[in-house]
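# Report on the structure
These are the residues of each chain, in order.
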Amino acid sequence: MALTEDRPLALPSGDSNDGYTPTGVFTRPTAETGPRSWFTTVDHKKIGIMYGTAAIFFFIVGGVEALLIRMQLWSPRGTLLSANLYNQIYTMHGTTMVFLVVMPIGAAFANYLIPLQIGARDVAFPRINAFSFWAFLAGGVFLNSSWFLGGGADGGWFMYAPNSGVIFSPTNGIDFWNLGLLITGIASLTGAVNLIVTVLNMRAPGMTLMRMPIFTWMALVSQFLLLFAIPVLTSAQVLLMLDRLFDANFFNVAKGANPLLWQHLFWIFGHPEVYLMILPAFGLVSEILPTFARKPIFGYPFIVFSGIAIGFMGWGVWAHHMFVSGIGPISVTAFSLTTMFIAVPTGVKILNWTATMWGGKLNFSAPMLFSIGLVTMFTIGGLSGVMHSVAPMDTQQTDTYFIVAHFHYVLFGGAFFGFMGAFYFYWPKAFGYMLNESIGKANFWLMLLGFNLTFAPMHVLGLQGMSRRIYTYDAGYGFEFWNKVATIGAFTLASSIALFIFNIFYSKSKAKTLPPVGPDPWDSRTIEWMTPSPTPVYNFDPIPTVTRVDDFWYRKYGETKDGKLVRIASTAEVAQKRTDGKGIHLPSPSYWPIVLAFGLPIVAYGLIFSLWLALIGGIVVVAALYGWIMEPPDDPDAVHDDHGPEAHASDGGDAAVPDSADAVKEVETVG
Amino acid sequence: MTITSHDDVPTTVLDGAVKDYSRDKVYVLTAIFLAVLTIIEVFTYTAPDFPLWAEELLIPVLMILMAVKLFTILYIFMHLKFDKPILTRIFYSGLILAMFVYIVMLATFRFWF
Amino acid sequence: MAETLTSRPTLADADAHQAHAHIEADTNTGISNTKLGMWLFLASECLLFGGLITTYLLYRRPLEGPTPDEIFDIPFTSTSSFVLLMSSLTMVLAVSAIERGEHQRMRVWLGATAVLGATFMAGQIYEFTVFVREGLGFTTSRFSSAFYTLTGFHGIHVTVGIIMLVSLVLLSLRGKIPEHKAETVEIVGLYWHFVDVVWVVIFAVVYLIPT
């Protein structure tokens, strides 16, 4: 195990910055610790952590909005919020939770885990990765700044036109919504290109597509969905923006506009959107369940192909959101059928997870509990979803609380339970300490209780006829009791989140007295657990060669002839040791991603308030782009320098040995 | 598994690149072909009564001409013919998906009937 | 007991001694990251322009103001379309030149491409001013909004392309585009051709199909 003595992959070109003078003023930042290292980082792990942190911050914002909604609905004729403010709060709650919480948590895990799971040093375009995060944050902050600049958007998260026009919503809230989501859309699009290229191009030796961990597969499918769904939303938002800011006629019914245009464009985006939110959680659960059942995932190809099938079929069902909009019987029938069909691949996944647990030696740890929570709660949400595919039934349920119950079971009970499980599961890998297991279990049960108290009564309320998006209700319709239950549930749910945040700090303070967590605390299966915890900056040293699915597991375990599991090596033997990482070339940090990202909201403020400001923002963006292009290459020795590879030795100081190892090629300066 | 060696810069950098001028001839011929198609397109406007594209034939003829031009540019100028098939697949997935969703959307608006 | 086990390579060291660990595997697909990224971006652009073209198709018959058949100047637009089409030829010749290592020739062709693109843009601006003078403002009708948005969006893409071409020429003059970076030219070229492809569609769907 003498890794440090015998390191054939090491490059002799490691720290040869002496004698290299970059052109002009554009030196690259070098800080590795402190705030500046975070602002300029291009490390996919730091970016993933920042995505997660920002998403949890926005989750608290959206959660407070949810609590305000529930307090308003505590009793009939509630007076906490005015109708106008209520409209803004539920709109911003939905927008925040979808675009600033669930999507970025998916992005956080994708960023952190994909390079680790495929055995890469970083993503394909590290600087674009940093830009994606900062643009997401800039867009989210911009969107929420509307609270202080005249009020939030008030058209619902789907922002149906022409209700979202200037006549019906004269404040700037919807402009903030439009432009903020255009910015986060740019972030999502660049992130999607980046991660797809990473998965297709940067896998470790032997890591064929059908050996990739399920999470990487599901994240890949959801990035493809993003790649194709975001531009549809962008086109719709550009139309709405031109209508609101420049008096165009796309949704001006007086000039012959068709209001259904917005609904179609929005839901062509919107339905793939719901699948791209849930698929990363499906992937995470598919990592957690086999680990704690100590069995391989049941039917790996089926779970992969059902994910791909969901990705394809998700494009053919959008009009089921529009059954009551008068699209005609043929359209309703067609979309009703496709919606029923899409339940099949989802059902395949539920079957796979159940069969994975069947006969396994189940260990009910906190991550496992959350994962089982996903399987059960998502099944409930999925079944009420199939109910909606039946058009006559959907006509009854449209715009009632039944729909609210359905999509919270899918998005909270599905996606968020999966994310919570994954937080507990991957916490030691990212931060080097375990979250407290007992608090974790209490966290799960409290969350399960609060979640069901909040959203199960909404099924009843919906069937009783209580409308969504109505800021109050009269006494005597039978709505009082279940609304009170839901409000109590919402506060229970909030306390479970508080418990989770407490657990983070509690466990961190306790961790000092505990032995350091090893690379593989859960006895896991995939190669990200081979590397020390917290993950070293270079990820792997050396890059592992993969020979099959669950490669790491089969380095630890073998099978006897009668199929019994036998340990053949201890974790300490097969896991990698922390090395100094010398000789591994990693991409250098850069200032430009954050400069570019924060130029975008300046342009957006300018479009709303003064076109001069937009001009200034435009100059910042263009300057940042040129700074980005002109930035000196990461590594003076890399072949990406302005000299051919043969000019190496004369220029790069001590780099005399031809760089034949894999490290150099990992870094594209273009990214 | 592609193994790249550095000895043959520049042509190996570009997939399917050739060192002589033979490819340029192909490009010029392609451009002439595209120009001819464009001229035919314009003829449908200047001579609308020509039997080949008269009446209800006009839109199909224009669509076919458009598609031929589009795929010629994709295959020759954008090198899909000479490049790895995965690029063709990626682009087609976007193109076909766009055609699918938007044609279905126009159909729900009863655009054609 | 040990002989009943299926043996597996168990040590991390083994990875380093694997036969292919020493070979510099460029990328798994054999395509550079940037080129793959550009094609993914272009694929997603299909959905963006598709949405705008669909909007135009829905709205091309205005309730008031000039109609497309009244206002379009087909001979003029055909000429500018032809100019843009020929800029694809000069672009591909620039890529071909850098493949052979001919820098000066590449700069000439890139410059020609930028000039042709600028000519197209000048034509579009002229067309827009004529239309506005004839009473087709951006806010006049549903047709005018859809038309200006679609063609304007395409125009923005052409402008960005021209800026990239000029930047490439300047970078090349400063010696910043050596042969092993020649692919940058090809990738800008992909973008340029795609913009041309979009115009091929717009020319047929917007201009030539009569309402």
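Above: the structure in question.
Here the structure is a predicted model, which means the values were calculated and not measured.

What counts as what
- Residues numbered from 1 in each chain as written.
- Chains lettered and ligands numbered in written order.
- Predicted model: local features only at pLDDT ≥ 70, side-chain atom pairs only at ≥ 80, totals over all residues.
- Heavy atoms only, no water.
- Helix = DSSP H or I, 4+ residues; strand = E, 2+ residues; numbered from the N terminus.
- Buried < 20%, exposed > 50% of the residue type's maximum accessible area, 1.4 Å probe, protein only.
- Contact = heavy atoms within 4.5 Å.
- Areas by Shrake-Rupley, 256 points an atom, 1.4 Å probe, with all protein chains shown as cover.
- Core = buried A, V, L, I, M, F, W, Y, C linked by side-chain atoms within 4.5 Å.
- Domains from an automatic or database assignment.
- Buried area = accessible area lost by both parts, 1.4 Å probe.
- Salt bridge = Lys/Arg side-chain N within 4 Å of Asp/Glu carboxyl O.
- Polar contact = N/O pair within 3.5 Å; in protein donor to acceptor, adjacent residues only side chain to side chain.
- Axes fitted to C-alpha atoms, helices over the stretch in contact; angles between N-to-C directions.
- Parallel < 35°, antiparallel > 145°, perpendicular 65-115°, else oblique.
- Nonpolar A, V, L, I, M, F, W, Y, C, P; charged D, E, K, R; others polar.
- Phe/Tyr/Trp six-rings, centres within 6.5 Å; stacked < 30°, edge-to-face > 60°.
- Lys NZ or Arg CZ within 6 Å of the ring centre and 35° of its normal.

## What to know about the overall build of chain B
- A tally of regular secondary structure across chain B gives three helices and zero strands.
- The N-to-C order of helical and strand elements in chain B reads α-α-α.
- Taking all 113 residues of chain B together, the buried fraction comes to 43%.
- Pairs at least 24 apart in sequence give 50% of the contacts found in chain B among residues at least 6 apart.
- Total accessible area on chain B is roughly 6000 Å²; 73% of this is exposed by carbon and sulfur atoms.

## What about the overall build of chain A?
- Across its full length, chain A carries 19 helices and two strands.
- Out of the 671 residues belonging to chain A, those deemed buried represent 63%.
- Expressed as a percentage of contacts within chain A between residues at least 6 apart in sequence, the contacts between residues at least 24 apart total 82%.

## Looking at the nonpolar core
- In terms of nonpolar packing, the biggest core is built from 303 residues, with A:F109, A:W353, A:F416, C:F72 and C:F147 touching the most fellow members.
- The residue makeup of this core includes at least three contributed by each of domain 1 (1–82) and domain 2 (84–113) of chain B.
- Discounting chain neighbours no more than four positions away, the residues touching A:F416 are A:F59, A:V101, A:I105, A:L411, A:M447 and A:I497.

## Comments concerning the interface of chain B and chain C
- Of the residues lining the interface, 54 residues belong to chain B; the matching set on chain C comes to 55 residues.
- When chain B packs against chain C, the two sides together hide about 5100 Å² of surface, and 77% of this comes from carbon and sulfur.
- Taken together, the links from chain B to chain C amount to two salt bridges.
- The partner of C:R100 in a salt bridge is B:D24, and the shortest N-O contact between them spans 3.4 Å.
- Seen at the junction of chain B and chain C, the total is six residue pairs in polar contact (both at pLDDT 80 or more).
- Elements with a minimum of two residues in the side of chain B that touches chain C: α1 (22–46), α2 (58–77) and α3 (85–108) of chain B.
- In terms of residue count, the dominant contributor to the side of chain B that touches chain C is α3(B) (11 residues).

## Describing the packing of helix α12 (residues 401–431) of chain A against helix α13 (residues 437–464) of chain A
Residue and element names in this part refer to chain A.
- The geometry of α12 relative to α13 is characterised by a closest axis approach of 8 Å and an angle of 170 degrees between their N-to-C directions. Accordingly, the angle class assigned to the pair α12 and α13 is roughly antiparallel.
- The residue makeup of the contact of α12 with α13, split by class, is 20 nonpolar, eight polar and no charged.

## Some details on the side chain of A:S507
- Within the fold, A:S507 resides in helix α14 (residues 480–511).
- The contact partners of A:S507, leaving out residues within four places of it in the chain, are A:Y433, A:M434, A:L435 and A:N436.

## Topic: the packing of aromatic side chains
Residues and elements named next belong to chain A.
- Inspection of the entire model under this criterion finds 84 aromatic pairs over all chains.
- Ring geometry for W157 against W267: centres 6.0 Å apart, planes inclined by 80 degrees, an arrangement best described as edge-to-face. With a gap of 110 residues between them, W157 in the loop between α4 (126–145) and α5 (173–201) and W267 in helix α7 (residues 260–293) connect regions that are remote in the sequence.
- When its relative accessible area of 14% is taken as the criterion, W157 is described as buried.
- By relative accessible area, W267 is classed as buried at 7%.
- Here Y426 and W529 contribute two aromatic rings whose centre-to-centre distance is 5.3 Å and whose plane-to-plane angle is 15 degrees, an arrangement assigned as stacked. With Y426 in helix α12 and W529 in the loop between α14 and α15 (551–556), this residue pair connects regions lying 103 residues apart in the sequence.
- Between K46 and the ring centre of W38, over which it is positioned, the NZ or CZ distance is 5.0 Å.

## Side note on the environment of A:Y112
Residues and elements named next belong to chain A.
- Position of Y112 among the secondary structure elements: in helix α3 (residues 83–118).
- Along the backbone, Y112 and K46 are 66 residues apart, and their C-alpha atoms lie at a distance of 7.9 Å.
- The contacts of Y112, once residues within four sequence positions are left out, are H44, K45, G48, I49, K429, A430 and T535.
- Among the polar contacts listed, one links the side chain of Y112 to the backbone oxygen of K429, at a separation of 3.4 Å.
- Within the structure, the side chain of Y112 is placed 3.0 Å from the side chain of T535, a separation counted as a polar contact.

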